[in-house]
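Architecture and fold: a report
Here is what each chain is made of, one letter per residue.
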Amino acid sequence: MSPKVAGGPRPIIIDTDPGQDDAIAILAALASPEIEVLGITAVAGNVPLELTARNSLILVELAGRPDVPVFAGCDRPLRRELVTAEHVHGKTGIDGADLPEPSTALQPQHAVDWMIETLRAAGDREVTICPVGPMTNVATVLETAPDTARHIREIVCMGGGFFGGGNTTPTAEFNVFVDPDAAQIVLHCGAPITMLPLDVTHKALMTAAWIDQLRALGSRTGEAAAGMLDFYERFDVDKYGMSGGPLHDPNVIAYLLRPDLYRGRLCNVEVETASSLTLGMTVVDWWNVTDRPPNCQFITEVDSDGFYELLLDLLARLP
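Parameters at a glance
- Residues numbered from 1 in each chain as written.
- Predicted model: local features only at pLDDT ≥ 70, side-chain atom pairs only at ≥ 80, totals over all residues.
- Heavy atoms only, no water.
- Salt bridge = Lys/Arg side-chain N within 4 Å of Asp/Glu carboxyl O.
- Helix = DSSP H or I, 4+ residues; strand = E, 2+ residues; numbered from the N terminus.
- Buried < 20%, exposed > 50% of the residue type's maximum accessible area, 1.4 Å probe, protein only.
- Polar contact = N/O pair within 3.5 Å; in protein donor to acceptor, adjacent residues only side chain to side chain.
- Contact = heavy atoms within 4.5 Å.
- Phe/Tyr/Trp six-rings, centres within 6.5 Å; stacked < 30°, edge-to-face > 60°.
- Axes fitted to C-alpha atoms, helices over the stretch in contact; angles between N-to-C directions.
- Parallel < 35°, antiparallel > 145°, perpendicular 65-115°, else oblique.
- Left-handed = near helix turned anticlockwise from the far one by under 90°.
- Nonpolar A, V, L, I, M, F, W, Y, C, P; charged D, E, K, R; others polar.

Tallied over the entire structure, the rule returns 15 salt bridges. In this structure, Glu-101 and Arg-54 form a salt bridge, with 2.9 Å as the shortest nitrogen-oxygen distance. Here Arg-54 lies in helix 2 (residues 49-62) and Glu-101 lies in the loop between helix 3 (86-89) and helix 4 (111-121), a separation of 47 residues in the sequence. For Asp-212, the salt bridge goes to Arg-215, with nearest N and O atoms at 3.8 Å. Taken as a pair, Asp-212 and Arg-215 lie in helix 9 (residues 208-216) at a separation of three residues, close to a single helical turn. Connected via shared salt-bridge partners are Asp-212, Arg-215, Glu-223 and Asp-230.

Residue position: Glu-154 is located in strand 5 (residues 152-158). Note on Glu-154: relative accessible area 13%, which makes it buried. Separated by 2.9 Å, the side chains of Glu-154 and Arg-10 make a polar contact. Sequence-distant contacts of Glu-154, that is, excluding residues within four places in its chain, are made with Arg-10, Val-127, Thr-128, Ile-129, Pro-192, Thr-194 and Tyr-255.

Let us now look at the packing of aromatic side chains. Evaluated as defined, the whole model comprises seven aromatic pairs. Ring geometry for Tyr-255 against Tyr-262: centres 5.8 Å apart, planes inclined by 65°, an arrangement best described as edge-to-face. Among the residues examined, Tyr-255 registers a relative accessible area of 14% and is labelled buried. Following the ring pairs from residue to residue traces out a cluster consisting of Phe-162, Phe-163, Trp-286 and Phe-298.

We now examine the environment of Gly-39. Mapped onto the fold, Gly-39 is located in strand 2 (residues 35-42). As a C-alpha pair, Gly-39 and Trp-287 span 248 residues in sequence and 37 Å in three-dimensional space. With sequence-adjacent residues up to four places away left out, Gly-39 is seen in contact with Ile-12, Ile-13, Ile-14, Val-68, Pro-69 and Trp-114.

Between helix 4 and helix 5 (residues 136-144), the least distance of the axes is 9 Å, while the angle of their chain directions is 60°. Between helix 4 and helix 5, the angle falls in the class oblique. Of the two possible hands of crossing, helix 4 and helix 5 adopt the one that is right-handed. Across from Ala-111, Val-112, Met-115, Ile-116 and Leu-119 in helix 4, the residues of helix 5 making contact are Asn-137, Val-138, Thr-140, Val-141 and Thr-144. Classifying every residue of the contact of helix 4 with helix 5 gives seven nonpolar, three polar and no charged.

Printed below as a string of structure tokens:
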């Protein structure tokens, strides 16, 4: 990686399983001059790895950024069978947009090996990791090369849920449920961690008018994003009876750019990895009733209007 320039863009790695909401997060990051996307690492999650890697290539090309390298990572959770979510995202993961097959290729290196190499080449607390899918790749990096933790500036992830429960089981959010062991490893790696859970993403709901604004941009990105979100939104609107669906993963990018839009609390967060009843639950010591040390900034509030204004501004910059 190139050396960090003081005052320059923030170097990040996006670890992802696209997914329409992952797609919007990737596009927003690639549109921001304040962020340098060092690479995109695909993981199995919303759909199998073959498709999440393909989708990542499609998205960097859609954004006009085929220079951003894409790496395929882990094709299953650390210690469990893979659970996917085609019922939400469609058979491709990014149903709703008619996008061409990618013309660029995946990097030959495994995502985990590239992440280790990249982190070790960085300065202390330099690179931000942004997991917006199951955290299998990131946990594998930390288990394989624990020394890399000191090079991580922050891990900002979308995952978990506490006060509002889960979206995959009564207590578990999808990203954490797919690989709870990985999430627990990440939470205890020693790097600063910020978690954007369902508690905050369900307070930032899309509206039909906002999706229409995307389409009205008149760009290929705006048209594709609107199509993907029309498809994606229908699931949560039907499930929760909301006026619009939440747009989970882009909150990670918005938090990097505008942390003033968010509020939360530094507290202890643990992941249940054993119970058949609450597997994947993020147990948050919000009221400090245990002696467990704080390990995570757990976000619960967002300025929804500010979030969607920021996203529209970013996506408007893309071709």
